[in-house]
Amino acid sequence: GIQLLYEGDVKEDLSMAAVKGANSDDVAINIANHSDSDPDDDDVEQPLLKKSKSKKKKSASMKRRQRVPKNGDGSSAPEDEEVELAGAGASEDLQFEAANIDDPVMSRPAERVELERIIQGTAFDELQLFRGKVRGLSKKEKKQREKALLEFNARKPAGKLKACVQLTENKTGQSAGRVIPVKDLASQKVIVRLYVIRGIQVVPKDSGGTSDPFIQIAYGPGKKTIIKDKNSMREQTLNPEFYCVYEMELNLPGDSEIDIQVWDWDKVGSNDLIGTTTIDVENRWFNDEWKGYAKKPLEIRSLWSPKSRLPQGRIELWMDVMSMSEASMTPKIDIQPPVPEPYEMRIIIWNTRNVSISQKYQSALTRVP
């Protein structure tokens with residue numbers, strides 16, 4: 001079990017927040033108010049934790065520690081050992097927090113969905129354009145098109161229109177919302193840095209129930225500029241750790257959409273598209289709320305395929321956009337995957353029922369007392 005020790009004046013709601021989600025059978029809590037208690041009163045029963053008689057200065061912060069084992073005669077270990085044990089746990093926590101502050105990924109704010117769903121408002125209004133019904137078609141094609149429109153309400157998309165629509169009482173009146181100055185809409189070059197951290201539960205594409213995912217990026221006019229990163233391929237996994245950085249140059253306003261694609265690598269035959277997520281850089285560059293982030297947040301985006309209406313997995317990333325002069329003075333962030341650590345997994349079989357065990361294995365079994 002784990003014991004939580006609160007020393008000094010601590011509010012009750014803080015103790016409840018500290019153990020939220022914990023099993024009450026595994027966690028014991030004692031809140032000690034030393035200003036109201038007599039340090040020499042040993043008759044007060046403390047079923048969860050004995051008061052320490054140590055003269056050492058105690059911190060008012062919460063200390064996490066392991067339950068102190070009892071001696072052979074059933075008595076508890078000395079209280080001084082308890083204080084030292086708690087101090088060791090607190091020191092480890094401080095070291096972990098200090099490491100996260102310096103970590104470019106862990107120290108960054110994070111959202112579990114696409115950032116477009118978090119940011120309030122957009123810089124532009126987007127209107128879907130559809131192809132006309134009958135212009136340029138023969139009489140037979142016109143009838144077929146009109147029939148299809150009536151039966152299926154089918155309209156073929158022909159692109160999108162981006163515009164800033166402002167409503168005012170008169171020509172010189174002030175409009176609600178942000179007005180983008182015309183000078184800001186002059187074409188300018190920007191640098192986009194995309195930091196791809198990992199894929200999450202991508203769909204399997206190989207017969208063995210796994211995939212060999214790698215990153216491919218399409219951007220620019222007609223999305224004809226392709227970055228096919230073969231080095232990002234991770235073999236036989238549905239949760240690839242990418243930790244890759246990509247830098248692109250775009251003209252804004254202009255062709256501002258970037259497709260981040262995850263493909264399955266095939267040694268024989270063509271590669272298979274797992275899914276795509278699309279980010280419109282223009283909508284972020286002209287958005288004051290997005291610019292207000294000191295550190296652009298991590299976001300988890302769904303991957304979509306034209307062959308399915310269901311997401312094909314997710315991808316975790318963040319994006320920086322900056323002017324050419326700013327990019328020349330700002331080096332790319334070096335992101336590295338966590339260093340692998342060895343772990344040992346132990347499985348204890350407590351009991352079995354109606355299981356026939358061969359005679360040669362019975363001697364190797366040891367019953368747990």
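What you see is a predicted model; the values in this text were computed from it and never measured. Sequence order as written defines the numbering, with residues in each chain counted from 1. Per-residue local features are limited, in this predicted model, to residues with pLDDT of at least 70; the limit for side-chain atom pairs, both in listing and counting, is 80 or more; totals at the level of whole chains, interfaces and linings are taken over all residues. Computation of side-chain values covers all heavy atoms of the structure but excludes hydrogens and water.

Visitor: Just to check I follow, could you spell out the overall build of the protein chain for this structure?
Guide: Counting secondary structure elements, the protein chain contains 7 helices and 14 strands. Taking all 369 residues of the protein chain together, the buried fraction comes to 30%. Where accessible areas are quoted, they stem from the Shrake-Rupley method and a 1.4 Å probe; at the residue level, only the protein chains shown are allowed to cover. Counting only carbon and sulfur atoms, one obtains 52% of the accessible surface of the protein chain, whose full area is about 25900 Å². Working definition: helices are DSSP H or I runs of at least four residues, strands are E runs of at least two. Numbering for both runs from the N terminus. Note on classification: 1.4 Å probe, protein chains only; a residue is buried when its accessible area is under 20% of the maximum for its type, exposed when over 50%, partly exposed between these limits.

Visitor: Teacher, can you tell me more about unusual backbone geometry here?
Guide: Outside of glycine, negative phi angles account for most residues, and trans bonds account for most peptide bonds. The step from Leu-252 to Pro-253 runs through a cis peptide bond, and the omega angle for that step is -10°. Structurally, the position occupied by Pro-253 is in the loop between strand S10 (241-252) and strand S11 (257-264). Phi is positive for Gln-201, which is not a glycine, with a value near 50°. With respect to the helices and strands, Gln-201 occurs in the loop between strand S7 (188-200) and strand S8 (213-219).

Visitor: What exactly am I supposed to notice about the pairing of strand S13 (residues 298-302) here?
Guide: Successive residues of a regular strand alternate their side chains across the two faces of the sheet. The element S13 is largely enclosed, with a buried count of 5 among its 5 residues. Neither face of S13 is exposed, since Leu-298, Ile-300 and Ser-302 on one face and Glu-299 and Arg-301 on the opposite face are all buried. Across 2 bridges, strand S4 (residues 110-111) lies against S13 in parallel orientation. Bridge pairing links Glu-111 to Glu-299 in S13. Bridge count between S13 and strand S14 (residues 314-323): 4 bridges; the pairing is antiparallel. The residue of S14 that forms the bridge with Ser-302 is Arg-314. Strands were regarded as paired on the criterion that DSSP finds at least two bridges between them.

Visitor: Hey, could you run me through the nonpolar core in this one?
Guide: Here, the term nonpolar core denotes a set of buried Ala, Val, Leu, Ile, Met, Phe, Trp, Tyr and Cys residues that are joined through side-chain atoms within 4.5 Å. Residues Leu-194 and Ile-258 are the most contacted members of the largest nonpolar core, which totals 34 residues. At the level of elements, S7, S8, S10, S11, strand S12 (272-280), helix H4 (281-285) and S14 are the ones that each hand at least two residues to this core. With 6 residues, the top contributor of residues to this core is S10. Any pair of residues with heavy atoms lying within 4.5 Å of one another is described as a contacting pair. Once residues lying within four places of it in the same chain are set aside, the contact partners of Leu-194 are Ile-217, Cys-244, Val-245, Tyr-246, Met-248, Ile-260, Leu-317, Trp-318 and Met-319. Core analysis: the next-biggest nonpolar cluster, separate from the first, contains 7 residues, Tyr-195, Ile-197, Leu-298 and Trp-318 among them.

Visitor: How do you make sense of the sheet that holds S12 when you look at a structure like this?
Guide: Strand pairing within a sheet occurs via backbone hydrogen bonds; the two strands may be parallel or antiparallel. Reading across from one edge, S9-S8-S11-S12 is the order of the 4 strands in this open sheet, with antiparallel pairing throughout. If you trace the sheet from one side to the other, it starts and ends with strand S9 (225-229) and S12, each paired once. Across the sheet, the axes of successive neighbouring strands diverge by a mean angle of 20°, strand direction being ignored. The axes are straight lines fitted to the C-alpha atoms, using for helices just the contacting stretch, and the angles between their N-to-C directions are given from 0 to 180°.

Visitor: Help me out: how do you make sense of the confidence of the model for the protein chain in this one?
Guide: Where the model shows low pLDDT, its predicted coordinates should not be examined in detail. As a per-residue measure, pLDDT reflects the predictor's confidence and takes values from 0 up to 100. Within the protein chain, residue pLDDT values average 74, and 63% of them lie at 70 or more. Residue range residues 92-99 is modelled with pLDDT below 50. Its contacts to residues more than four positions away, or to other chains, number 1 contact.

Visitor: Would you mind showing me how to read a nonpolar patch on the surface here?
Guide: Two distance rules govern patches: like charges are joined within 9 Å, and nonpolar side chains (Val, Leu, Ile, Met, Phe, Trp, Tyr) within 5 Å, applied only to residues with over 30% relative accessible area and no salt bridge. Any carboxyl oxygen of Asp or Glu that lies within 4 Å of a side-chain nitrogen of Lys or Arg is treated as forming a salt bridge with it. Residues Leu-127, Leu-129 and Leu-161 make up a contiguous nonpolar surface patch of roughly 240 Å² in combined accessible area. Locating Leu-161 in the fold gives a position in strand S6 (residues 157-163).

Visitor: When you look at the sheet that holds S10 in this model, what are you seeing that I'm missing?
Guide: Reading across the sheet, the 5 strands line up as S4-S13-S14-S7-S10 and stay open at both edges, with mixed pairing between neighbours. Every other strand in the sheet has two partners, leaving S4 and S10 as the edge strands with one partner each. For S7 and S10, the ladder comprises 10 bridges, and the chain directions are antiparallel. Considered in S10, the bridge of Ile-191 is made with Glu-249.

Visitor: Just to check I follow, could you spell out the environment of Gln-120 for this structure?
Guide: Tracing the backbone shows Gln-120 in the loop between S4 and strand S5 (125-130). Assessed through its relative accessible area of 62%, Gln-120 is described here as exposed. C-alpha of Gln-120 to C-alpha of Asn-287: the two residues are 167 residues apart in sequence and 9.3 Å apart in space. The contact partners of Gln-120, leaving out residues within four places of it in the chain, are Asn-287 and Glu-289.

Visitor: For this particular structure, what's the right way to read the pattern of salt bridges?
Guide: Side-chain pairs of opposite charge can arise whenever the charged atoms involved come near each other. Within the structure shown, the criterion is met by 16 salt bridges. A salt bridge links Arg-301 to Glu-116; the shortest N-O distance between them is 2.9 Å. Pair noted here: Arg-301 is in strand S13 and Glu-116 is in the loop between S4 and S5, with a separation of 185 residues, a long-range link. Residue class for Arg-301 comes out buried when judged on its relative accessible area of 3%. Residue Glu-116 is classed as partly exposed on the basis of its relative accessible area, which comes to 40%. Where salt bridges share partners, they join Glu-126, Lys-160, Lys-223, Glu-257 and Asp-259 into one cluster.

Visitor: Help me understand the packing of aromatic side chains, please; the structure alone is not making it clear to me.
Guide: Remark: the centre distance and the inter-plane angle together describe each pair of aromatic rings, the angle taken between the planes. Centres within 6.5 Å are what make two rings of Phe, Tyr or Trp a pair, Trp counting through its six-membered ring; a difference in plane orientation under 30 degrees is then read as stacked, over 60 as edge-to-face, and the rest as tilted. By the definition in use, this model includes 3 aromatic pairs. Taken together, a centroid distance of 5.5 Å and an interplanar angle of 80° make the contact between Phe-124 and Phe-286 edge-to-face. Separated by 162 residues along the polypeptide, Phe-124 in the loop between S4 and S5 and Phe-286 in the loop between H4 and helix H5 (288-291) bring together distant segments of the chain. The exposure classification of Phe-124 matches that of Phe-286, with both residues buried. Arranged with centres 4.3 Å apart and planes meeting at 10°, the rings of Tyr-195 and Trp-318 form a pair that is stacked. Linking Tyr-195 in strand S7 with Trp-318 in strand S14, this pair joins segments that are 123 residues apart in sequence. Grouping residues by exposure puts Tyr-195 and Trp-318 together as buried.

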